[in-house]
Amino acid sequence: IITAIMAYDDILPYLGEFGRYQKRIYFLLCLPAIVCALHKLAGVFLQANVNHRCQLPYELDNATYNIPKMEMVIPWDSTLNTWSSCRRLDANFTADYFHEGVPANKSVKCDKWIYDRSVYESSAVTEYNLVCDNAHFRVMADSLFMLGALFGSIIFGDLSDRFGRRPIFFISLVLQVVFGVLAAVVPEYYTFMVCRLIIGSTTSGVFLVAYVIAMEMVGPSKRLYAGVICQFFFSTGYILTAAFAYFIKDWRMLQLALSLPGIVFLSYWWFVPESARWLITKGRNEEAKQILLKAAKENKVTIPEDIMDNLLPQQQVANGDATSGQDSKEKGKKEKQSTILDLFYYPNLRKKTLVILFSWFVNSGTYYGLSWNTSNLGGNDYLNFLLSGAVEFPGYSFLLIALNRWGRKCTLCGCMVVGGAVLLLTCVVPSDLNWIIIALAMVGKMAITASYGTVYVFSAEQFPTVVRNIGIGAASTSARIGGILAPYTLLLGDHWRPLPLLIYGALALTGGILSLMLPETLNKKLPDTIQEGELFGLKKNKEDDVEGKMEEMDKNS
């Protein structure tokens, strides 16, 4: 496999690192990111937390939210500084009661609710009464969605390595459309949550597999830019989610509208080929050769036939040097022995791994938490959400300049510290200056967007080659856990509105400070072995001591 991967990279100078063919396929594969963003962020509007109050005994189901003499029927919630949305006064509400004008001194829980439909005509919350004691069900759908994304990255990632990127992409796409439509028509909430879980898993199959196909055909010098630009398409889907929700007020029709565009991408069956790199690793050299020749024709270049034959051998060369073959076996054996436990067995690697895992957890949890918290900021929900998506563009654009100019470490630390600081500042802003709170939240979102993009690059360069995939897999799992927990922090905003922003701010600030413990990787030789990974980032005078300790630990183990 290593030989095949090197062979593909060696042919890129002849094919072109990012020629016309790669640009066309890359653009096509970036478009599904828009649909994945629609599904991933739609919960803000599908399960919108609508203003509500108790339905009074004398009211019909179609009663309006605003009523006169509120103080005579609803108790004041001193914690939230507003009328209670979960309790009503315990009174008979007769004409004499209202005439006397003395509110009852006891209250009871609501058994029915009246919703404010001035902003949202309907949502899953209003249809299934997901308020008060049932409020946790409101965020559970988003939490299950992220759980599905975790399972999907594991399942579809493995399947795409086994059976190919292309078939798994289309299987995921079909499942996404089918269960997206089912989520719009199911009669009860539990089935809706199951559908959201499956849709979440398919976003990994669609977006991540498409991302892998796109990145596998791009040359090494172009991968940073290709990886970042792909995120612009996700941010475009972010903004389009607000547009869909603004014009489609019924939540079931909104879910349907977000799902049907996926059908368009089924046409890719005739336009998007299998990854040539994957075909080479599986020994399907003739298929890979046909794809590369087609790419060369579109790029208007010629790949010499002898180069193609040498780079795409029909079978592994069996008559190589015996010594080198033995060395390769020994090297392969050593690589196979490396596990995730090696990342925690040695002190320097353990420290770096824990910092990386925490950074992924914080960045994912804060990114999605801020995205889903826009309706809790006050003001116009649609505008807040739109701004939250728009600030991602300067966030990602900043990375294209900063990562190779100021390094990964300074960029990650600076973005997380700035993001955390501005989010913490929201707690000191007076409630009547809500626009400042929104502005600070948007600056925080822009900073976290940039740091989230940085941690992808920085982490891959920290782990030794022999455990790089394992390390990134563990980091990705940590990120998914942050995303799973993020919706539940929104419930805290029902008790005190600034609390979610304070939690995100404290976590981001802590993560930024801890990232200073990681060594810079820009223009550095990256570690290949566990020993190099343990020594990477240490001062010169400590390396000899560490090498001796590692040998002793290896003997003991």
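In this numbering scheme, every chain counts its residues from 1 along its sequence in written order. Selection of residues for local features in this predicted model requires a pLDDT of at least 70, selection of side-chain atom pairs for listing and counting requires 80 or more, and totals for whole chains, interfaces and linings are taken over all residues. Side-chain measures were taken over the full set of non-hydrogen atoms in the model, leaving aside hydrogen atoms and water.

With respect to the overall build of the protein chain
Secondary structure is summarised from DSSP: a helix means a run of H or I of at least four residues, a strand means a run of E of at least two, and numbering begins at the N terminus for each. A tally of helices and strands in the protein chain yields 25 helices and 6 strands. Looking at the protein chain alone, contacts between residues at least 24 apart form 77% of all its contacts between residues at least 6 apart. Here the Shrake-Rupley method, with its probe set to 1.4 Å, supplies the accessible areas, and only the displayed protein chains count as covering residues. Accessible area for the protein chain stands at about 26,200 Å²; split by element, carbon and sulfur atoms hold 62% of it. Throughout, a residue-residue contact means that at least one pair of heavy atoms, one from each residue, lies within 4.5 Å.

Thoughts on the confidence of the model for the protein chain
Low-confidence regions, as indicated by low pLDDT, have predicted coordinates that should not be scrutinised in detail. Overall, the prediction assigns the protein chain a mean pLDDT of 84, with 90% of residues at 70 or greater. Within the model, pLDDT remains below 50 along residues 1-6, and this stretch shows 6 contacts once partners closer than five positions in the same chain are excluded. The low-confidence segment residues 313-326 (pLDDT under 50) makes 3 contacts with residues lying over four places distant or belonging to another chain. The quantity called pLDDT is the predictor's confidence in a given residue, expressed from 0 to 100.

Examining the packing of helix H19 (residues 392-405) against helix H20 (residues 408-425)
Contact pair H19 / H20: the axes reach a minimum separation of 7 Å and the direction vectors enclose 135°. When the interaxial angle is binned, H19 and H20 end up oblique. Together, Phe398, Leu399, Ala402, Leu403 and Asn404 of H19 and Arg408, Thr411 and Cys415 of H20 make up the contact between the two elements. Residues belonging to the contact of H19 with H20 are distributed by class as follows: 5 nonpolar, 2 polar and 1 charged. In this analysis an axis means a line fitted to C-alpha atoms, helices contributing only their contacting stretch, and an angle means the value between N-to-C directions, from 0 to 180 degrees. Under this scheme an angle from 65 to 115 degrees is roughly perpendicular, one under 35 degrees roughly parallel, and one over 145 degrees roughly antiparallel; angles in between are oblique. Side-chain classes follow a simple rule in which Ala, Val, Leu, Ile, Met, Phe, Trp, Tyr, Cys and Pro form the nonpolar group, Asp, Glu, Lys and Arg form the charged group, and the remainder, Gly included, forms the polar group.

Topic: the side chain of glutamate 392
Mapped onto the secondary structure, glutamate 392 falls in helix H19. With near-sequence residues (within four places) excluded, glutamate 392 lies in contact with Ser235, Tyr238, Tyr367, Lys445 and Thr449.

Here's the deal with the state of the cysteines
For the purposes of this analysis, a disulfide is any pair of cysteine sulfur atoms at a distance within 2.5 Å. Counting across every chain of the model gives 2 disulfides. Two residues share a disulfide in this structure: cysteine 54 and cysteine 110, whose sulfurs sit 1.5 Å from each other. Since a negative S-S torsion denotes a left-handed disulfide, the cysteine 54-cysteine 110 link at about -65° is left-handed. With cysteine 54 in strand S1 (residues 52-54) and cysteine 110 in the loop between strand S5 (107-109) and strand S6 (113-115), this pair connects stretches of sequence that are 56 residues apart. There is no split in this pair, since cysteine 54 and cysteine 110 are both buried. Each sulfur in the disulfide pair cysteine 86 and cysteine 132 lies 2.0 Å from the other. Judged by the sign of its S-S torsion, about -100°, the cystine formed by cysteine 86 and cysteine 132 is left-handed. Of this pair, cysteine 86 sits in the loop between strand S3 (82-83) and strand S4 (87-89) while cysteine 132 sits in the loop between helix H6 (124-128) and helix H7 (135-163); the two residues are 46 residues apart in sequence, bridging distant segments of the chain. A 1.4 Å probe rolled over the protein chains alone gives each residue an accessible area, and that area as a share of the maximum for its type sets the label: buried under 20%, exposed over 50%, partly exposed in between. Among the residues examined, cysteine 86 registers a relative accessible area of 25% and is labelled partly exposed.

A few points about the nonpolar core
Take the buried Ala, Val, Leu, Ile, Met, Phe, Trp, Tyr and Cys residues and link them wherever side-chain atoms come within 4.5 Å; each set so joined is a nonpolar core. Judged by nonpolar contacts, the single largest core of 92 residues is most densely connected at Phe45, Tyr189, Phe192, Tyr367, Trp372, Phe385 and Leu501. If you tally residues by element for this core, the top one is helix H17 (residues 347-372), at 10 residues. Beyond its immediate chain neighbours, meaning those up to four positions away, tyrosine 367 contacts Phe234, Tyr238, Glu392, Lys445, Ile448, Thr449 and Tyr452. In this structure, Leu28, Cys36, Ala226 and Phe233 belong to the second largest nonpolar core, which totals 45 residues.

Notes on the packing of aromatic side chains
Think of it this way: a Phe, Tyr or Trp ring, Trp meaning its six-membered ring, pairs with another when their centres are within 6.5 Å, and the plane angle makes it stacked under 30 degrees, edge-to-face over 60, tilted otherwise. Taken as a whole and assessed by the stated rule, the structure comprises 34 aromatic pairs. Measuring from centroid to centroid gives 5.3 Å for phenylalanine 192 and tryptophan 251, while their planes differ by 90°, and the two rings are edge-to-face. Note that phenylalanine 192 is positioned in helix H9 (residues 189-216) and tryptophan 251 in helix H11 (residues 251-259), a separation of 59 residues in sequence. Judged by relative accessible area, phenylalanine 192 falls into the buried class, the value being 0%. Consider the rings of phenylalanine 232 and phenylalanine 393, whose centres lie 5.6 Å apart with planes at 5°: the pair is stacked. In this pair, phenylalanine 232 sits in helix H10 (residues 223-247) while phenylalanine 393 sits in helix H19, placing the two residues 161 residues apart along the sequence. On the accessibility criterion, phenylalanine 232 (17% relative accessible area) is buried. Ring pairs connect the aromatic residues Phe45, Tyr120, Tyr238, Tyr246, Phe247, Tyr382 and Phe385, which therefore count as one cluster. For arginine 166, the ring lying beneath its charged end belongs to tryptophan 269, and the centroid distance is 4.0 Å. Should the NZ of a Lys or the CZ of an Arg lie within 6 Å of a ring centre and within 35 degrees of the ring normal, that charge is described as sitting over the ring. Here the guanidinium or amino end of lysine 249 rests over the ring plane of tyrosine 246, the centre of that ring lying 4.8 Å away.

A short note on the environment of proline 304
Within the secondary structure layout, proline 304 lies in the loop between helix H13 (285-298) and helix H14 (305-311). Using a relative accessible area of 29% as the deciding quantity, one classes proline 304 as partly exposed.

A word on the environment of tryptophan 406
Tracing the sequence through the fold places tryptophan 406 in the loop between H19 and H20. Given a relative accessible area of 48%, tryptophan 406 falls into the partly exposed group. Here the alpha-carbon distance between tryptophan 406 and leucine 522, two residues 116 residues apart in the chain, equals 8.7 Å. With sequence-adjacent residues up to four places away left out, tryptophan 406 is seen in contact with Phe398 and Glu520.

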